[in-house]
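Observations on chain architecture
This is what each chain is made of:
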Amino acid sequence: KEFMELLANPFYLQHLAQKGMFEDQRFMRYLKYLTYWKRPQYAKCLKHVHCLKFLELLLENERFREHCKQHAFIEMVHSNQYHHWLYTKTYQFEQKYQSHPAVSVPNACDIVDNNEKNDK
């Protein structure tokens, strides 16, 4: 699980790329083996789910693997990842908690006034 979680870190991907790991067929077979993490019973255990997308890109996109060696590319991926997390979470929070009409809490004075009217 820990290795899968590391794949969500663009700087770790850069480290692997610069060490030539993506040219090693044994390592690429290991990444292919890790695709079982995409199954729901395993994926639900992951905290950093970007690792699944990065795993897919590493396996299917040679250009992505090559670009992982470049610091500017990794910085861009990291920035995009950060902003995705930031704004997606903010948007989800707003949708969940702020899109519903606010529940009005009655003022204590209004309750007293209403009770006095009902008593008459």
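For the structure, check the block above.
So, here is what we can say about the structure in this document. (Residues numbered from 1 in each chain as written. Predicted model: local features only at pLDDT ≥ 70, side-chain atom pairs only at ≥ 80, totals over all residues. Heavy atoms only, no water.)

Since the α-helix advances by 3.6 residues per turn, residues separated by three or four positions end up pointing in the same direction. Burial in helix α2 (residues 10–18) covers these residues: P10, L13, Q14, L16 and A17. Looking down the long axis of α2, one finds its buried residues gathered within 165° of arc, a one-sided arrangement. Looking at where α2 begins, the residue whose side-chain oxygen comes 2.8 Å from the main-chain nitrogen of F11 is N9. Count one or two residues on from α2 and you reach G20, which has phi positive near 80°. (Buried < 20%, exposed > 50% of the residue type's maximum accessible area, 1.4 Å probe, protein only. Helix = DSSP H or I, 4+ residues; strand = E, 2+ residues; numbered from the N terminus. Arc of directions from axis to C-beta. Polar contact = N/O pair within 3.5 Å; in protein donor to acceptor, adjacent residues only side chain to side chain.)

Here we take up the nonpolar core. Ranked by size, the top nonpolar core spans 25 residues in total, and within it M4, L7, F22, L31 and C68 carry the most contacts. Those elements that provide at least two residues to this core are α1 (2–6), α2, α3 (25–33), α5 (50–60) and α7 (71–98). Broken down by element, this core gets its largest block of residues, 5 residues, from α5. (Core = buried A, V, L, I, M, F, W, Y, C linked by side-chain atoms within 4.5 Å.)

Our focus in this paragraph is the packing of aromatic side chains. Counting across every chain of the model gives 11 aromatic pairs. Seen from their ring centres, F22 and F27 are 6.2 Å apart, and the 40° between their planes marks the pair as tilted. With centroids separated by 6.0 Å and ring planes inclined at 65°, the aromatic side chains of W37 and Y42 adopt a geometry described as edge-to-face. Here W37 falls in the buried class, since its relative accessible area comes to 8%. Exposure remark for Y42: the relative accessible area of 32% places this residue in the partly exposed category. (Phe/Tyr/Trp six-rings, centres within 6.5 Å; stacked < 30°, edge-to-face > 60°.)

This next bit is on the pattern of salt bridges. All chains considered together, the criterion is met by 5 salt bridges. The shortest N-O distance in the salt bridge between E23 and K69 comes to 3.5 Å. One end of the pair, E23, is in the loop between α2 and α3; the other, K69, is in the loop between α6 (62–67) and α7, and 46 residues separate them in sequence. The class of E23 is partly exposed, set by a relative accessible area of 44%. Given a relative accessible area of 32%, K69 falls into the partly exposed group. K69 is paired through a salt bridge with E66; the nearest N and O atoms lie 3.7 Å apart. Note on E66: relative accessible area 37%, which makes it partly exposed. (Salt bridge = Lys/Arg side-chain N within 4 Å of Asp/Glu carboxyl O.)

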